[in-house]
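Fold and contact review
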Amino acid sequence: MAPVDRLRAWRGGPRLGTAYYNEYLPDPDRLETDLRLMADAGITCIRVGESVWSTWEPRDGEFDLEWMTPILDAATRHGIGVILGTPTYAVPPWLARAHPELAVVRRDGSPVPWGGRQEVDYTSELFHGYAERVIRAVIGRHGRHPAVIGVQLDNEAGLHLIHNDDVVQRFREWVAERYGDVETLNREWGLTYWSHRIADWDELWAPAGNTTPAYDLAWRRFQAELTADFIGWQAGIVRELVHEDTFLTTCIAYQRPAMDDVAVGAQLDIASGNAYYLAQDALDLDREGAGGQWYADDVPQFVLMADRMRATKQGPFLVTETGAASIGPAWLTRPPYDGQLAQAAWLLVARGARLVSYWHWHTLHSGAEVHWGGILGHDLEPGRIHAEVSGIGRQIAAAAEWLTDAAPDADLGLVYAHDSEWMMGFEPPLAAGSEGDRGSYARIVGAFGRAAIDAGLQVGYVDERQLPEADELVRRHPVLVVAGLVAASDPTLETLAEYARLGGRLVLGPRTGYGDDEGRMRTALAPAIVGAVAGVGYREFAALAAPVDVVRDGAAVGSAHGWIDGLEPDGAEVVLGYRHELFGRWAAVTRRDVGAGSITVVGSLLDRATLAEVIAAAAGSPGGILAARPSSVTAHSLTGGRGRVWVVHNWSPEPRAVVLGRAAASVLDDAVFAAAAEVTLAPWDVRVWREA
């Protein structure tokens, strides 16, 4: 029997979508008008129902389910597929009032008050009883409707680290199961320090007072596991209630503290998540944003956001939410310049998105998100945003045959690891004002990713746990960047060393290989295992209070920021050094040929231009469709059954000229270009070309 194709809805190329909440409208009778306007814009998917538990179940055990039927029926008439959500992330007031003990308890012991969303301990069996009842009611009634192509399980899970007493007790049991006996735990976590040795599992203290790094790493792993288990629990219920070919997903907010996207992705048929960005001048590629937000505030962050979404399941993904007219509160309102919506949509498609869905169809008239601009404004009339989305819909339709089952290409692999993210969150190496920056890991990895993009390279994220054997890793990613991997296991570091020996070009960044996968500092010379192969090590390191000059042959060529690993070469070539009374004795960048490959070690966060040069030197020429490109231009490609398609952006308010390295033809119109042709891209332009 052939396997069921739950992704059939996405085989014909990417789709446009939107979140649609007819129940929020002042006049719900405009349903036909809305769906007609959607169809006119090329929108073929809507997301419904995930935020309104109190509408589905206005009182305990009393259900109102039929209000959704006209919406699903109308979607069927208009040829629009529906993703139906389980409403478990926004609990009704009657439930919060009846069971105040379900409130999430914070680290400081205070409960999260009801009045927003996601205030409930979703690990509670009591909560599961209510949640299962509403899931079975909603999905049981509508899950097999012909319009329903997928179900979204909960929404943006993992907002809180849950400190409720029963969860802390479960953590003790979880630790005991993994370590077996207290003496093993005492040894592995180094609990002799500060009299933390325990004699019985009941003595394992609550996380609120913890100061031990290994404890915190285990606690974060446990919390992320709770989130994945909750999504998996819902998946088990829903699968019984829908057609066999209905896909299951959830909307991932990647920065949630209790989110391990790879673990959650294992519970899903396809990954989906948020891809928010600031528009206007933040989309000028020559600008560098602050980072560390729930949205991207520069182009490289936006590119890397999309690449990380693909890495969740190393395959196609859905963008459940992205901005239309604006995102967030009033003070963040940045309506996109003409052309920028198309730029964003095509960037997401170029990196593997099979759905680009706007949050949301109509701008809300009440509630917390009244300034979150939808495709229609408060007057509910189609305007500039609707017209631009309609143009994107026509473009995607024109390119559909070239995009069917096309997969993004990658010149370089960028390793990401939740363990290192959590470990740096507990003990940040980078500063944020007078405190440590708990987003240090994302800053470090993001700096190397930005450098790769500036070098004209296409990035493919890979989670540390997704690393294959070394020979397969060389085949998939001839260039691999590993920065900030402080919580690294011996097998991972051995794979990286063998990767280089077998022909891979490995780039190591700061902190990599300093700690182990228990959250302990290693006793070996850093970076452990791979450093000896790279011909370099370090004993000292420093958090930088101010930038330090980086030099080549005595001449300043850039600067170092944030952190320095004091690299001492032992067989490696010194590429860059420092000009400084202390740090001048150390190398900033080293390189060594290793077997059939090479290892470049970068000991600091270099300025943007210098780090891009280092990455380019390690990776070599990207060999894309462009022979010459300005700094504001990117080129991303997908390869499918019809061949390779290139998506070329000018992220600039000024026209920019590119020179083609090979012949190309537009898949959106009849334009044809010869090799070596110079093509001028308009401000905020995007072109979609096939290799001719």
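Here, the structure is the one placed above.
About the thresholds
Residues numbered from 1 in each chain as written. Predicted model: local features only at pLDDT ≥ 70, side-chain atom pairs only at ≥ 80, totals over all residues. Heavy atoms only, no water. Helix = DSSP H or I, 4+ residues; strand = E, 2+ residues; numbered from the N terminus. Rg over C-alpha atoms; globule rule 2.2 N^0.38 Å. Buried < 20%, exposed > 50% of the residue type's maximum accessible area, 1.4 Å probe, protein only. Areas by Shrake-Rupley, 256 points an atom, 1.4 Å probe, with all protein chains shown as cover. Lys, Arg positive; Asp, Glu negative; His and termini not counted. Charge placed at Lys NZ, Arg CZ, Asp CG, Glu CD. Axes fitted to C-alpha atoms, helices over the stretch in contact; angles between N-to-C directions. Parallel < 35°, antiparallel > 145°, perpendicular 65-115°, else oblique. Left-handed = near helix turned anticlockwise from the far one by under 90°. Contact = heavy atoms within 4.5 Å. Nonpolar A, V, L, I, M, F, W, Y, C, P; charged D, E, K, R; others polar. Salt bridge = Lys/Arg side-chain N within 4 Å of Asp/Glu carboxyl O. Core = buried A, V, L, I, M, F, W, Y, C linked by side-chain atoms within 4.5 Å. 1 Å grid on protein atoms, 1.4 Å probe; cavity = no way out; pocket = protein on both sides within 12 Å on 5 of 7 lines; lining within 4 Å. Points joined across faces, edges and corners; volume = space filled by probe spheres on them. Pairing = 2+ DSSP bridges.

Concerning the overall build of the protein chain
What the protein chain contains, in helices and strands, is 18 helices and 33 strands. In terms of C-alpha radius of gyration, the protein chain reaches 26 Å, essentially the compact-globule figure of 26 Å for 692 residues. C-alpha atoms of the protein chain, sized along the principal axes, occupy 75 × 75 × 55 Å. By residue count, 61% of the 692 residues in the protein chain fall in the buried class. Surface accessibility of the protein chain: about 26000 Å² in total, with carbon and sulfur atoms responsible for 50%. In the protein chain, which carries 60 positive and 92 negative side-chain charges, the distance between the mean positions of the two groups comes to 3 Å.

Describing unusual backbone geometry
Backbone torsion omega between tryptophan 359 and histidine 360 reads -10°, so that peptide bond is classified as cis. Positionally, histidine 360 belongs in the loop between β9 (353-358) and α12 (384-403). Despite not being glycine, isoleucine 529 has its phi angle at roughly 65°, a positive value. Relative to the assigned elements, isoleucine 529 resides in the loop between β16 (505-508) and α17 (530-534).

So, the packing of helix α8 (residues 213-239) against helix α13 (residues 418-426)
Across the interface, α8 lies against α13 with an axial gap of 9 Å and an inter-helix angle of 130°. Considering their axes alone, α8 and α13 lie oblique with respect to each other. Once α8 is placed against α13, the crossing between them reads as right-handed. Taken together, the residues of α13 that come into contact with α8 (itself represented by Pro213, Asp216, Leu217, Arg220, Arg221 and Ala224) are Asp419, Trp422 and Phe426. Class assignment of the residues belonging to the contact of α8 with α13 gives a composition of five nonpolar, no polar and four charged.

Considering the pattern of salt bridges
Applying the stated criterion to the full structure yields 43 salt bridges. One salt bridge connects arginine 465 with aspartate 260, and the closest N-O pair in it is separated by 2.8 Å. Pair noted here: arginine 465 is in the loop between β14 (459-463) and α15 (470-476) and aspartate 260 is in the loop between β6 (251-252) and α9 (261-265), with a separation of 205 residues, a long-range link. A relative accessible area of 7% places aspartate 260 in the buried class. When the shortest N-O distance is used, the salt bridge between arginine 511 and aspartate 565 registers 3.4 Å.

Notes on the nonpolar core
The biggest cluster of nonpolar side chains holds 208 residues, and the ones touching the most others in it are Ile46, Phe127, Phe171, Trp189, Tyr358, Phe448 and Ile599. Among the elements that make up this core, the one with the highest residue count is α8 (12 residues). Excluding its chain neighbours within four sequence positions, the residues that come into contact with tryptophan 189 are Phe171, Val175, Tyr179, Leu204, Thr212, Ala214, Tyr215, Ala218 and Glu518. Core analysis: the second largest hydrophobic core is formed by 13 residues, Val633, Ala664, Phe673 and Leu681 among them.

Some thoughts on empty space enclosed by the protein
The final tally for this structure, using the stated rule, is seven cavities of 30 Å³ or more. Approximately 140 Å³ is the volume found for the largest cavity. If you go around the largest cavity, you meet 16 residues; those closest to its centre are Tyr89, Gln118, Glu119, Val120 and Tyr122. Across the lining of the largest cavity, the residue classes tally to 10 nonpolar, four polar and two charged. If you add up the space inside the second largest cavity, you get close to 70 Å³. Lining of the second largest cavity is provided by Tyr277, Leu278, Ala279, Gly323, Ala324, Ala325, Ser326, Ile327, Leu332, Arg334 and Pro336.

Overview of the sheet that holds strand β26 (residues 626-628)
Strand pairing in a sheet is mediated by backbone hydrogen bonds. Such pairs are either parallel or antiparallel. A sheet is described by the order of its strands in space; here three strands give the open sequence β26-β29-β32, paired in antiparallel fashion. At either end of the open sheet lies a strand with only one pairing partner, and these are β26 and β32 (678-681). Neighbouring strand axes in the sheet, compared pairwise and without regard to direction, differ in orientation by 45° on average. Taken together, the two bridges between β26 and strand β29 (residues 656-660) define a ladder with antiparallel strand orientation. Paired with alanine 628 across the two strands is valine 659, which belongs to β29.

A word on the sheet that holds strand β27 (residues 633-640)
What the six strands build is an open sheet, ordered β10-β27-β28-β33-β30-β31; its pairing is antiparallel. On the outer flanks of this sheet lie β10 (407-408) and β31 (672-673), each paired with one strand and no other. Bridge count between β10 and β27: two bridges; the pairing is antiparallel. Within β27, the position partnered with proline 408 by the bridge is leucine 638.

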